[in-house]
Amino acid sequence: MFIRKPTKNKPIIKKTITLFILIAFLFNSTVSAQQILSLPLPGAMIPLSAGFAPVIIKGIKIYEDNPLRFDFIIDSGDSGLKNEALKEETAKIVRYFLTTLTVPEDDLWVNLSPYEKDRIVPNSFGQTEMGRDLLAQDYILKQITASLIYPENELGSEFWEKVYKKANEQFGTSEIPVNTFNKVWIIPDKAEIY
């Protein structure tokens with residue numbers, strides 16, 4: 001039988017070690033999430049990049065004798081990917097395609113609106129790689145939009161001048177409470193089926 005003799009220093013040491021572990025865990029978790037998804041830090045200004053054509057599915061061949069067999073026609077775009085890297089990217093976009101076939105159409109959306117904190121992503125879609133990646137894209141889209149309409153930049157200044165001019169034309173003043181919250185949407189282009 002062991003009898004533990006209480007000491008005054010042990011609770012302080014235990015609390016200190018626990019606090020140190022907690023701080024280290026929180027710091028590493030935050031850094032890892034940013035690094036894993038390669039997302040810019042909140043509030044960072046994001047400049048526009050040059051146009052880029054990603055790897056994309058250009059077509060799908062379906063076999064009449066086996067409707068669950070597909071051949072995907074892939075365009076590598078401007079990616080410059082080859083061999084294993086192209087295979088990995090192709091596999092990812094094929095998983096995206098299969099996600100769109102298995103997740104109900106009404107659940108294929110993400111939303112990072114600060115006004116709708118309870119509507120971020122449907123549970124079925126949020127568990128997919130595509131759902132995670134679309135949330136990351138929505139995050140970047142919002143940062144790019146904020147960067148473009150930042151009033152101290154040339155483009156942002158021009159944007160707000162037009163907003164105030166339009167408000168003045170419609171309401172006779174630009175000194176009115178205007179909800180400047182704007183939704184920016186990513187809308188897919190059309191698909192051609194032969």
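Just so we're clear, the structure is a prediction, and the values are computed from it rather than from any experiment.

### Re the packing of aromatic side chains
(1) Moving on: Tallied over the full model, the rule gives five aromatic pairs.
(2) Moving on: Aromatic pair Phe70 and Phe97: ring centres 6.0 Å apart, planes at 85°, arrangement edge-to-face. Here Phe97 lies in helix H2 (residues 83-102) and Phe70 lies in strand S2 (residues 66-75), a separation of 27 residues in the sequence.
(3) Moving on: You can call Phe70 partly exposed: its relative accessible area is 27%.
(4) Moving on: Ring centres 6.2 Å apart and planes at 40° place the aromatic pair Trp160 and Tyr164 in the tilted group. Residue Trp160 and its partner Tyr164 are located together in helix H5 (residues 154-171), separated by four residues, close to a single helical turn.
(5) Moving on: Judged by relative accessible area, Trp160 falls into the buried class, the value being 14%.
(6) Moving on: With a relative accessible area of 47%, Tyr164 lands in the partly exposed category.
(7) Moving on: Among the aromatic residues, ring-to-ring pairing joins Phe70, Phe72 and Phe97 into one connected group.
(8) Moving on: We note Arg69 situated over the ring of Tyr63; from NZ or CZ to the ring centre the distance is 3.8 Å.

What counts and what doesn't
Residues numbered from 1 in each chain as written. Predicted model: local features only at pLDDT ≥ 70, side-chain atom pairs only at ≥ 80, totals over all residues. Heavy atoms only, no water. Phe/Tyr/Trp six-rings, centres within 6.5 Å; stacked < 30°, edge-to-face > 60°. Helix = DSSP H or I, 4+ residues; strand = E, 2+ residues; numbered from the N terminus. Buried < 20%, exposed > 50% of the residue type's maximum accessible area, 1.4 Å probe, protein only. Lys NZ or Arg CZ within 6 Å of the ring centre and 35° of its normal.

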